[in-house]
Amino acid sequence: MPGARGLVLGALCLLGALGRPLAGRREVSMHFNPGWNDSSVNLLHVQAVGANSTLHYVWSSLGVPAVLLLYTENEHSTLHINWTQLLSPELAGAIWVEPPSSVLHASAVVFTKLFEYDGANASDPAHALFYPPYDLATFSWDSVNQTLNRTALTAAFWGTGPPGTFRNGSIAFQVTAYEESSRDGHLPGLLHTANSSKLEFVMDGVAPRGNSSRFMLEMVMVEGPGRHRRLESVRSIDDEYTPTIFEMVQLVSEPQGTHAGPGFLQWKTTAYGAREAKRENGIRCRYSPLREVNGTLPGPSIAHAYFGKDLGGLAAINISFGGEDGEIYAGTGYLSWSMLLGFGTPPEDAFSPLVVAIMAVALGTPVVLLVAGAIVVLLLQKKRYSEYEPIN
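Throughout what follows, the structure given in this document is the object of discussion. Predicted, not measured: the structure shown is a model, and the values here were computed from it.

1. Some details on the overall build of the chain
Turning to step 1, where the next piece is worked out: In terms of helices and strands, the chain carries five helices and 24 strands.
Turning to step 2, where the next piece is worked out: Residue burial in the chain is summarised as follows: out of 392 residues, 47% are buried.
Turning to step 3, where the next piece is worked out: Taking all contacts inside the chain whose residues are at least 6 apart in sequence as the whole, residues at least 24 apart take part in 65%.

Written out as structure tokens, the structure is:
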């Protein structure tokens with residue numbers, strides 16, 4: 001029937017549109033301590049070159065662990081590091097890009113503290129009892145060169161707390177860069193573009209200080225002037241890629257008065273309590289409202305090396321791991337949480353071809369039945385009236 005044929009054709013067109021990969025590809029390279037031979041310092045430069053633009057990610061555990069994101073409108077832009085200045089007490093200006101005018105977006109995310117609180121009687125951290133926090137500036141970090149994989153485009157910063165803390169446990173910031181748009185094959189199955197990278201925060205064997213301890217990571221955002229931040233929750237009825245999780249959170253920084261695009265952080269409200277992430281070891285995450293930070297940023301960090309020591313416009317957000325089902329970490333001693341950071345419009349999940357096909361069948365079948373029923377009724381009515389002779 002024409003109606004059914006149109007539904008099928010429409011579904012096929014939609015399937016084709018959703019199946020197309022997101023455009024854009026970059027040539028990615030990773031450099032450990034470029035221009036410096038001492039492996040006791042951890043700095044990883046990830047360079048992603050595309051058509052008429054370059055992304056520079058600078059990850060470092062120098063002082064407070066942080067990542068610097070620079071987007072340049074020049075495929076030949078170069079990152080420069082003055083190592084003598086970077087390792088001095090006055091490190092402002094130690095990192096810059098040539099040509100300076102090519103930089104359209106500059107931001108940094110600084111990971112300042114790891115909090116631990118008692119979640120026995122308060123799943124909401126706002127009403128919980130807190131232990132003394134772990135200051136990440138005091139941690140010792142293994143050489144990232146030991147974990148650097150230039151083929152897989154991955155690396156990991158593993159750190160341990162001061163003596164007497166964590167009981168042989170450790171935390172890590174694991175980095176993954178991307179050359180093209182795709183979807184991560186591991187839960188939470190984040191959709192990424194070539195303009196984004198993934199950061200995975202890991203806790204492994206960290207001994208809780210209480211029977212009902214839960215943890216919370218503090219992040220501070222640093223940006224240049226003239227940008228507007230917004231924290232938003234994006235919900236979907238489709239949990240195909242991350243079962244039981246219907247919320248995506250994204251922190252978007254929009255430019256004001258320029259043609260530069262937005263920068264973003266994006267994550268799903270879930271962590272996982274095992275190395276092999278599965279639905280059954282999921283840990284629900286909470287996030288605090290975005291708050292302005294008054295005062296100075298703890299340092300030193302590579303954020304100071306690029307933006308200078310007088311940082312303004314700071315904003316912080318806390319990500320807490322655990323809720324009603326937050327006891328999973330106590331049983332496994334392992335936790336991982338992933339987020340994307342990048343430039344441009346944040347990736348947006350869409351229904352997969354399988355889900356679209358199911359929806360097309362589910363919604364199209366009743367319509368076809370209604371149309372067929374109406375046609376049958378009309379034919380019966382016409383036949384009934386044709387049995388009678390007209391009355392003069």
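2. A closer look at the pairing of strand 1 (residues 27-32)
Two faces, one strand: in a regular strand the side chains alternate between the faces of the sheet.
Turning to step 1, where the next piece is worked out: Covered by surrounding structure in strand 1 are Val 28, Met 30 and Phe 32 only, the residues Glu 27, Ser 29 and His 31 on the alternate face being uncovered.
Turning to step 2, where the next piece is worked out: By the bridge criterion, six bridges tie strand 1 to strand 2 (residues 43-50) in an arrangement that is antiparallel. Across the sheet, residue Phe 32 finds its bridge partner in strand 2, namely Leu 44.

3. A word on empty space enclosed by the protein
Turning to step 1, where the next piece is worked out: Under the defined criterion, the tally for this structure stands at three cavities of 30 Å³ or more.
Turning to step 2, where the next piece is worked out: Here the largest cavity defines a volume of roughly 160 Å³.
Turning to step 3, where the next piece is worked out: Lining the largest cavity are 18 residues, and of these Ser 107, Val 109, Met 221, Glu 223 and Leu 265 sit closest to its centre.
Turning to step 4, where the next piece is worked out: Every element with two or more residues in the lining of the largest cavity is listed here: strand 4 (66-72), strand 7 (103-118), strand 16 (213-223), strand 18 (247-255), strand 19 (263-268) and strand 24 (334-343).
Turning to step 5, where the next piece is worked out: When residues of the lining of the largest cavity are assigned to their parent elements, the largest contribution, four residues, is made by strand 7.
Turning to step 6, where the next piece is worked out: Along the lines of polarity and charge, the residues of the lining of the largest cavity split into 11 nonpolar, five polar and two charged.

4. A word on the nonpolar core
Turning to step 1, where the next piece is worked out: Core analysis: the largest hydrophobic core is formed by 53 residues, its most contacted members being Trp 59, Ile 171, Phe 201, Met 219, Phe 321 and Trp 337.
Turning to step 2, where the next piece is worked out: Broken down by element, the residue count for this core peaks at five residues, all from strand 24.
Turning to step 3, where the next piece is worked out: Those residues within four positions of Phe 201 in sequence are excluded, and the remaining contacts are Leu 114, Ile 171, Ala 172, Phe 173, Leu 217, Phe 321, Leu 335, Ser 336 and Trp 337.
Turning to step 4, where the next piece is worked out: Of all hydrophobic cores here, the second largest spans 29 residues; its members include Leu 62, Ile 81, Leu 86 and Leu 314.

5. Quick notes on the packing of aromatic side chains
Turning to step 1, where the next piece is worked out: On inspection of all chains with the given rule, the structure shows 16 aromatic pairs.
Turning to step 2, where the next piece is worked out: With a centroid separation of 5.4 Å and an interplanar angle of 20°, the aromatic rings of Trp 36 and Trp 83 are classed as stacked. Of this pair, Trp 36 sits in the loop between strand 1 and strand 2 while Trp 83 sits in helix 2 (residues 83-86), and the two are 47 residues apart along the sequence.
Turning to step 3, where the next piece is worked out: When its relative accessible area of 30% is taken as the criterion, Trp 36 is described as partly exposed.
Turning to step 4, where the next piece is worked out: Relative to Phe 307, the ring of Tyr 306 lies with its centre 5.1 Å away and its plane at 85°, an arrangement referred to as edge-to-face.
Turning to step 5, where the next piece is worked out: The exposure class of Tyr 306 is partly exposed, given its relative accessible area of 22%.
Turning to step 6, where the next piece is worked out: The class of Phe 307 is partly exposed, set by a relative accessible area of 22%.
Turning to step 7, where the next piece is worked out: Taken together through their ring pairs, the aromatic side chains of Phe 111, Tyr 134, Phe 139, Trp 141, Phe 166, Phe 173, Phe 201, Trp 267, Tyr 287, Phe 321 and Trp 337 make up a single cluster.
Turning to step 8, where the next piece is worked out: Sitting over the ring of Tyr 241, Arg 183 keeps its end group 3.4 Å from the ring centre.

How each quantity is defined
- Residues numbered from 1 in each chain as written.
- Predicted model: local features only at pLDDT ≥ 70, side-chain atom pairs only at ≥ 80, totals over all residues.
- Heavy atoms only, no water.
- Helix = DSSP H or I, 4+ residues; strand = E, 2+ residues; numbered from the N terminus.
- Buried < 20%, exposed > 50% of the residue type's maximum accessible area, 1.4 Å probe, protein only.
- Contact = heavy atoms within 4.5 Å.
- Pairing = 2+ DSSP bridges.
- 1 Å grid on protein atoms, 1.4 Å probe; cavity = no way out; pocket = protein on both sides within 12 Å on 5 of 7 lines; lining within 4 Å.
- Points joined across faces, edges and corners; volume = space filled by probe spheres on them.
- Nonpolar A, V, L, I, M, F, W, Y, C, P; charged D, E, K, R; others polar.
- Core = buried A, V, L, I, M, F, W, Y, C linked by side-chain atoms within 4.5 Å.
- Phe/Tyr/Trp six-rings, centres within 6.5 Å; stacked < 30°, edge-to-face > 60°.
- Lys NZ or Arg CZ within 6 Å of the ring centre and 35° of its normal.

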